[in-house]
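One letter stands for each residue in the lines below.
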Amino acid sequence: MTNNASIETLNGILETLTDSKQGYEKAAEIADRDTFKSFFSRRAASRSAMSAGVRNEIIELGGTPENDGTILASAHRVFMGLSAAVQDNDEAAIEAVDTGEEHLRKKFEKALEDDELSPSAKTLLRNYQGELRADGRLIDYLEDASA
């Protein structure tokens, strides 16, 4: 297990968390219902807190945290804007964050399977994984409520 491998993996997670935060912020902008706006804003704050934890872990391992989200996420946010223009805003927002969260959960799972990931990084990601699962269930509930 090397710190470089852990730093690289965590920087990938950090990018995806940044994407998730920005996606939730955009979803809060386009959602119609205050309940959904509030939920999305809270999730954005949660992703920001997770990002801070991952940044700290990267620094502890001797690395430099990445600052930007991915190009793919930027395209996804543009798509969210277009979707909102042609769909019900609540449905478009929920659909977009659901897609993003599925990607984030898979990224966490893949990272946790990596034998080169440091024990402290695995512990951190496992702690966040429970919150991601709960968020997935809440998003499923929101999908049902918006229908």
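Residues numbered from 1 in each chain as written. Predicted model: local features only at pLDDT ≥ 70, side-chain atom pairs only at ≥ 80, totals over all residues. Heavy atoms only, no water.

**Q** Explanation requested: the overall build of the protein chain in the structure shown.
**A** Of the regular secondary structure elements, the protein chain holds five helices and zero strands. Element order for the protein chain, N to C, with α for helix and β for strand: α-α-α-α-α. Burial status across the protein chain gives 45% buried among its 147 residues. Counting contacts in the protein chain only where the partners sit at least 6 residues apart, residues at least 24 apart contribute 79% of the total. (Helix = DSSP H or I, 4+ residues; strand = E, 2+ residues; numbered from the N terminus. Buried < 20%, exposed > 50% of the residue type's maximum accessible area, 1.4 Å probe, protein only. Contact = heavy atoms within 4.5 Å.)

**Q** Hey, could you run me through the packing of helix α1 (residues 3-30) against helix α2 (residues 34-60) in this one?
**A** Each pair of packed helices can be described by the angle between their axes along with the distance between the axes. Axis separation between α1 and α2 bottoms out at 8 Å; the angle between their running directions is 160°. It follows from the interaxial angle that α1 and α2 lie roughly antiparallel. As for the relative orientation of α1 and α2, their crossing is left-handed in sense. (Axes fitted to C-alpha atoms, helices over the stretch in contact; angles between N-to-C directions. Parallel < 35°, antiparallel > 145°, perpendicular 65-115°, else oblique. Left-handed = near helix turned anticlockwise from the far one by under 90°.)

**Q** Teacher, can you tell me more about the pattern of salt bridges here?
**A** Oppositely charged side chains are able to pair whenever their charged atoms sit close together. The full count for this structure, using the stated rule, is nine salt bridges. Among the ionic pairs, lysine 26 bridges to glutamate 29, the shortest N-O distance being 3.7 Å. Here glutamate 29 and lysine 26 lie together in helix α1, a separation of three residues that amounts to about one turn. Classification of glutamate 29 as exposed rests on a relative accessible area of 56%. Glutamate 102 is the salt-bridge partner of arginine 105, the closest N and O atoms lying 2.9 Å from each other. You can see arginine 105 and its partner glutamate 102 sitting in helix α4 (residues 89-113), three residues apart, about one turn around the helix. For glutamate 102, a relative accessible area of 35% gives the class partly exposed. In the salt-bridge network here, residues are joined through shared partners; they are Arg43, Arg47, Glu101, Glu131 and Asp135. (Salt bridge = Lys/Arg side-chain N within 4 Å of Asp/Glu carboxyl O.)

**Q** Before we go on, may I ask you to explain the side chain of threonine 16 in this structure?
**A** With respect to the element layout, threonine 16 can be found in helix α1. Threonine 16 has contacts with His103, Leu104 and Lys107, leaving out every residue within four places of it along the chain.

**Q** For this particular structure, what's the right way to read the packing of α2 against helix α5 (residues 119-146)?
**A** α5 packs onto α2 with a crossing angle of 170° between their chain directions and a minimal axis gap of 11 Å. Between α2 and α5, the interaxial angle falls into the category roughly antiparallel. Facing Phe36, Phe39, Phe40, Arg43, Ser46, Arg47, Ala49, Met50, Gly53, Val54 and Glu57 of α2, the residues of α5 in contact are Ser120, Ala121, Leu124, Tyr128, Glu131, Leu132, Asp135, Leu138, Ile139, Leu142 and Ser146. Residue classes in the contact of α2 with α5 are distributed as 13 nonpolar, four polar and five charged. (Nonpolar A, V, L, I, M, F, W, Y, C, P; charged D, E, K, R; others polar.)

**Q** Is there a simple way to explain the packing of aromatic side chains in this structure?
**A** The geometry of an aromatic ring pair comes down to the distance between the two centres and the angle between the two planes. Counted by the stated rule, this structure contains four aromatic pairs. Summarising the aromatic geometry, the rings of tyrosine 24 and phenylalanine 39 are spaced 6.4 Å apart at their centres and angled 80° between planes, so their arrangement reads as edge-to-face. Highlighted residues: tyrosine 24 in helix α1 and phenylalanine 39 in helix α2, separated in sequence by 15 residues. You'll find tyrosine 24 and phenylalanine 39 in the same group, each marked buried. Look at phenylalanine 36 and phenylalanine 40: their rings are 6.4 Å apart centre to centre, the planes differ by 55°, and that puts the pair in the tilted class. Here the residue phenylalanine 36 and the residue phenylalanine 40 both occupy positions in helix α2, the gap between them amounting to four residues, near one helical turn. Judged by relative accessible area, which is 3%, phenylalanine 36 ranks as buried. (Phe/Tyr/Trp six-rings, centres within 6.5 Å; stacked < 30°, edge-to-face > 60°.)

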